[in-house]
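These are the residues of each chain, in order.
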Amino acid sequence: MIIAMKPDATKAEIDHVCGAIESFGFTPHIIRGEERVVIGAVGRGDNKDHLHSLRSAPGVADVVPITQPYKLVSRELKANKTVVRVDDLEIGGERFVVMAGPCSVETREQVMETAHAVKLAGAHVLRGGAYKPRTSPYDFQGLEQEGLKILAEARSLTGLKVITEVITPEDVEIVAEYADIMQVGARNMQNFALLKRLGKAGRPVLLKRGMSSTIKELLLSAEYIATNGNDQIILCERGIRTFEPATRNTLDLAAVPLLKEMSHLPVVVDPSHATGKRSLVRPASKAAVAIGADGLLIEVHPRPEEAWSDGAQSLTTTGFAEMMAELQSYVSLESRFMN
Ligand code: PEP
Ligand code: MN
């Protein structure tokens, strides 16, 4: 339920409404808009009629139901876009944000070489997996904490922010010590224990769409993070499974503007996992800019033929720099400047 306060509602009136919401068994979430405060009342409280009764409370302008099953992440509750903040970097703001780096953290040298190259080419965030959710148990599983340390060193040498994947609730604490943004992979989009834990991790979360998940399911997974206390969520379209085997996945580009209609959260595109093919990463990235994505997550490796994972879809550092130069004009056309 949305409790819209009057523009001149006082703090005491807002506090009173929040207290009443809690006494009815719901949880209040205050959203401060430019003109007024709205309070989302969510949860499994037993009687929604109680919330309707708040219509006559002092300072309340209106009480309206949220029609969608996802509440806190819906546009109905919050009309303004959410801007996710990592220190001075904004995701979902004016600037188009590029996150780039290897699929896996392999060696210190590989990460440093890639980090310097992607920074020089204009990336803002370094990606790299230290905990890898591999389809086969015999494949490289990641360097774990040693990998996190390498990423942190690359951050201090380049000034790039760091995004890295966390695959279990138990690892959230240690990954949060090193990462600026916590990545939830496609395979874990519905790992609800992980999502709940990330609600309390105090770090922005990039939530990837599951390979067989609907848009509604993605938003409900985001809702798990939001309702557990974290509204700093970035949604990521990374391709879904279809009948088409020519690409690794099928990039659902329309999901980008659709998610923006349905939710206030920023949306980025991962053209690497979406296509699985180096030659398709650049055209898919241009399309992502044109369709209104807030950023990109791209795999880059200095020597993709030697990569321990996902070499076929990784851009070389030179290929990435060329793509960034070309994207610059696309982004400028959109009046969103990368630097
Ligand atoms: C990744 O980005 O490292 C990854 C494993 O991707 P996905 O979860 O989209 O498969
Ligand atoms: Mn990968």
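Bear in mind the structure is a predicted one, so any value in this text is a computation, not a measurement.

Calculation rules
- Residues numbered from 1 in each chain as written.
- Chains lettered and ligands numbered in written order.
- Predicted model: local features only at pLDDT ≥ 70, side-chain atom pairs only at ≥ 80, totals over all residues.
- Heavy atoms only, no water.
- Pairing = 2+ DSSP bridges.
- Helix = DSSP H or I, 4+ residues; strand = E, 2+ residues; numbered from the N terminus.
- Axes fitted to C-alpha atoms, helices over the stretch in contact; angles between N-to-C directions.
- Expected span 1.5 Å × (residues − 1).
- Buried < 20%, exposed > 50% of the residue type's maximum accessible area, 1.4 Å probe, protein only.
- Arc of directions from axis to C-beta.
- Contact = heavy atoms within 4.5 Å.
- Parallel < 35°, antiparallel > 145°, perpendicular 65-115°, else oblique.
- Left-handed = near helix turned anticlockwise from the far one by under 90°.
- Domains from an automatic or database assignment.
- Core = buried A, V, L, I, M, F, W, Y, C linked by side-chain atoms within 4.5 Å.
- Phe/Tyr/Trp six-rings, centres within 6.5 Å; stacked < 30°, edge-to-face > 60°.

## Looking at the sheet that holds strand β11 (residues 205–208)
Line of reasoning, step 1. The parallel closed barrel is built from eight strands, whose spatial order is β7-β8-β9-β10-β11-β12-β13-β14. Put simply, the sheet's adjacent strands are angled 25 degrees from each other on average, direction ignored.
Line of reasoning, step 2. Summarising the sheet, strand β13 (residues 267–269) and strand β14 (residues 295–299) pair through two bridges and their orientation is parallel. Each bridged residue has a counterpart across the sheet, and for V268 the counterpart in β14 is G295.

## Comments concerning the sheet that holds strand β2 (residues 27–32)
Line of reasoning, step 1. With antiparallel pairing, four strands are arranged side by side in an open sheet as β2-β3-β1-β4. A single partner strand is all that each edge strand has here, and the edge strands are β2 and β4 (60–64). Between one strand and the next, the sheet's axes are offset by a mean angle of 20 degrees, whatever the strand orientation.
Line of reasoning, step 2. Two strands pair when backbone bridges link them, and strand β1 (residues 2–5) and β4 are joined in this way by four bridges, in the antiparallel orientation. Along β4, the bridge assignment pairs I3 with V63.

## A look at helix α1 (residues 11–23)
Line of reasoning, step 1. The terminal C-alpha atoms of α1, which comprises 13 residues, lie 18 Å apart, in line with the 18 Å expected from a rise of 1.5 Å per residue.
Line of reasoning, step 2. For α1, the complete set of buried residues consists of I14, V17, C18, A20 and I21. Relative to the axis of α1, the buried residues are bounded by an arc of 160 degrees and lie together on one face. Those residues of α1 that are exposed and aimed more than 90 degrees away from the buried face are K11, A12, E22 and S23.
Line of reasoning, step 3. On the buried face of α1, the contacting elements are β1, β2, β3 (37–42), α2 (48–52) and β4.
Line of reasoning, step 4. Two residues or fewer after α1 comes G25, characterised by a positive phi angle close to 90 degrees.

## Section: the packing of helix α7 (residues 215–227) against helix α8 (residues 255–262)
Each pair of packed helices can be summarised by the angle the axes make with each other and by the distance between the axes.
Line of reasoning, step 1. At their nearest, the axes of α7 and α8 sit 11 Å apart, and the two run at 50 degrees to each other. Of the possible angle classes, the one that applies to α7 and α8 is oblique. As for the relative orientation of α7 and α8, their crossing is right-handed in sense. In this structure, α7 uses I215, L218 and L219 to contact α8, whose residues at the interface are A255, L258, L259 and M262.

## Remarks on the domain arrangement of the chain
Line of reasoning, step 1. By domain assignment, the chain separates into domain 1 (2–64) and domain 2 (84–335).
Line of reasoning, step 2. Computed over C-alpha atoms only, the centres of domain 1 and domain 2 are separated by 36 Å.

## Re the nonpolar core
Line of reasoning, step 1. M182, L198, L207, L235 and F320 are the most contacted members of the largest nonpolar core, which totals 73 residues.
Line of reasoning, step 2. No other element matches α7, which puts six residues into this core.
Line of reasoning, step 3. Viewed by domain, this core spans two of them, domain 1 (2–64) and domain 2 (84–335), each represented by three or more residues.
Line of reasoning, step 4. Ignoring anything within four residues of it in the chain, the contact list for L207 reads V184, M189, L195, L218, S221, A222, I225, I233, I234, L235 and C236.
Line of reasoning, step 5. Listed in part, the 19 residues of the second largest apolar core include M1, C18, V37 and I39.

## With respect to the packing of aromatic side chains
Any two aromatic rings considered together are summarised by their centre-to-centre distance and by the angle between their planes.
Line of reasoning, step 1. In the structure shown here, the tally under the stated rule is two aromatic pairs.
Line of reasoning, step 2. Here the aromatic rings of F140 and W308 are separated by 4.9 Å at their centres, their planes lie at 90 degrees, and the arrangement is edge-to-face. Of this pair, F140 sits in the loop between β8 (125–127) and α4 (145–158) while W308 is found in the loop between β14 and α11 (317–333), placing the two residues 168 residues apart along the sequence.
Line of reasoning, step 3. Judged by its relative accessible area of 22%, F140 is partly exposed.
Line of reasoning, step 4. With a relative accessible area of 42%, W308 lands in the partly exposed category.
Line of reasoning, step 5. Ring geometry for F192 versus Y224: centroids 4.5 Å apart, planes at 25 degrees, classification stacked. With F192 in helix α6 (residues 192–198) and Y224 in helix α7, the pair connects residues that are 32 residues apart, well separated along the chain.
Line of reasoning, step 6. Overall, F192 belongs to the partly exposed group, its relative accessible area being 30%.

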